[in-house]
Amino acid sequence: MSELRELYQEVILDHNKNPRNFMKLKVHSHHANGHNPLCGDKLELYLDVVDGVIKDISFVGSGCAISTSSASLMTQFLKGKTVDESRHYFESFHDLVTGKALSEEKLEQLGKLAVFAGVQEFPARIKCASLSWHTLMNALDSKDETAATE
Ligand code: ZN
């Protein structure tokens, strides 16, 4: 566990213990399931998109601290953003966790999500951190199927 210590920063622990937006949305326009078989992370994502804006977003599921906190932070981050913006942030977040160089502007835009930069050192954890984002893309593309992290 010691090599993971640096990952478990305060923000990640907090969001794992008290995940935000952790519920099913009764009214939703988009929904998708995500599964990361390597770790056993599972989540269901719900979105209520009105006029291209993510009016509400939530998730339920069970997984490791990285996947739960990433989903929690993502829902908090994307509420009120447009669908186009969320696609842009997906690209930035993907670059962040896979260790691609990000411009300062893009890094700043990600705000708290930058805590996941540490996962680039741990390839297995990249899938945990990005599961909610892949599920988001499937939900927005209206593919009501299970997102795979492969
Ligand atoms: Zn995991």
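This section reports on the structure supplied with the text. Remember, it's a predicted structure, so these values are computed and weren't measured experimentally.

**Description of the overall build of the chain**
- A count of helical and extended segments in the chain gives 5 helices and 4 strands.
- What you see in the chain, going N to C, is helices and strands ordered as α-β-β-β-α-α-α-α-β.
- When the accessible area of the chain is evaluated, it comes to approximately 7600 Å², of which 50% is carbon and sulfur surface.

**Looking at the side chain of serine 92**
- By the element assignment, serine 92 lies in helix 3 (residues 83-98).
- Among all residues touching serine 92, those that are not within four sequence positions of it are Leu102, Lys106 and Leu110.

**Section: the coordination of the zinc ion**
- For the zinc ion, every protein donor is listed as Cys39 (SG), Asp41 (OD), Asp41 (OD), Cys64 (SG) and Cys128 (SG), and the spread of their distances is 2.2 to 2.6 Å.
- Read in sequence order, the donor residues coordinating the zinc ion give the pattern C-x1-D-x22-C-x63-C. In this pair, cysteine 39 is assigned in the loop between strand 1 (30-36) and strand 2 (41-50) and cysteine 64 in the loop between strand 3 (53-62) and helix 2 (65-78), connecting sequence segments 25 residues apart.

**Some remarks on helix 3**
- Taking 1.5 Å per residue, 16 residues should reach 22 Å; helix 3 reaches 23 Å between its end C-alpha atoms and fits that length.
- After helix 3 finishes, the residue glycine 99 shows a positive phi value of roughly 85 degrees.

**Observations concerning the pairing of strand 2**
- The buried fraction of strand 2 is high, at 7 of 10 residues.
- Bridge count for strand 1 against strand 2 is 7 bridges, and the pairing is antiparallel. Along strand 2, the bridge assignment pairs glycine 34 with leucine 43.
- Hairpin connection of strand 1 to strand 2: 4 residues between the antiparallel strands, including glycine 40 at a positive phi of 95 degrees.
- For strand 2 and strand 3, the ladder comprises 9 bridges, and the chain directions are antiparallel. Its bridge partner being in strand 3, lysine 42 is matched across the sheet by serine 62.
- Taking the residues that link successive antiparallel strands as the turn, the strand 2-strand 3 hairpin has 2 residues, and the phi of aspartate 51 there is positive, at about 50 degrees.

**Concerning the nonpolar core**
- Ranked by size, the top nonpolar core spans 37 residues in total, and within it Leu47, Leu78, Phe116, Trp133 and Leu136 carry the most contacts.
- Counting residues per element, the ones that place at least two in this core are strand 2, strand 3, helix 2, helix 3 and helix 5 (123-140).
- Ranked by residue count, the leading element in this core is helix 5, at 9 residues.

**Quick look at the environment of leucine 107**
- By the element assignment, leucine 107 lies in helix 4 (residues 104-110).
- For leucine 107 and phenylalanine 93, which are 14 residues apart along the polypeptide, the C-alpha to C-alpha distance reads 8.8 Å.

Analysis parameters
- Residues numbered from 1 in each chain as written.
- Predicted model: local features only at pLDDT ≥ 70, side-chain atom pairs only at ≥ 80, totals over all residues.
- Heavy atoms only, no water.
- Helix = DSSP H or I, 4+ residues; strand = E, 2+ residues; numbered from the N terminus.
- Areas by Shrake-Rupley, 256 points an atom, 1.4 Å probe, with all protein chains shown as cover.
- Contact = heavy atoms within 4.5 Å.
- Donors = N, O, S within 2.8 Å, 3.2 Å for Na, K, Ca; no water.
- Expected span 1.5 Å × (residues − 1).
- Buried < 20%, exposed > 50% of the residue type's maximum accessible area, 1.4 Å probe, protein only.
- Pairing = 2+ DSSP bridges.
- Core = buried A, V, L, I, M, F, W, Y, C linked by side-chain atoms within 4.5 Å.

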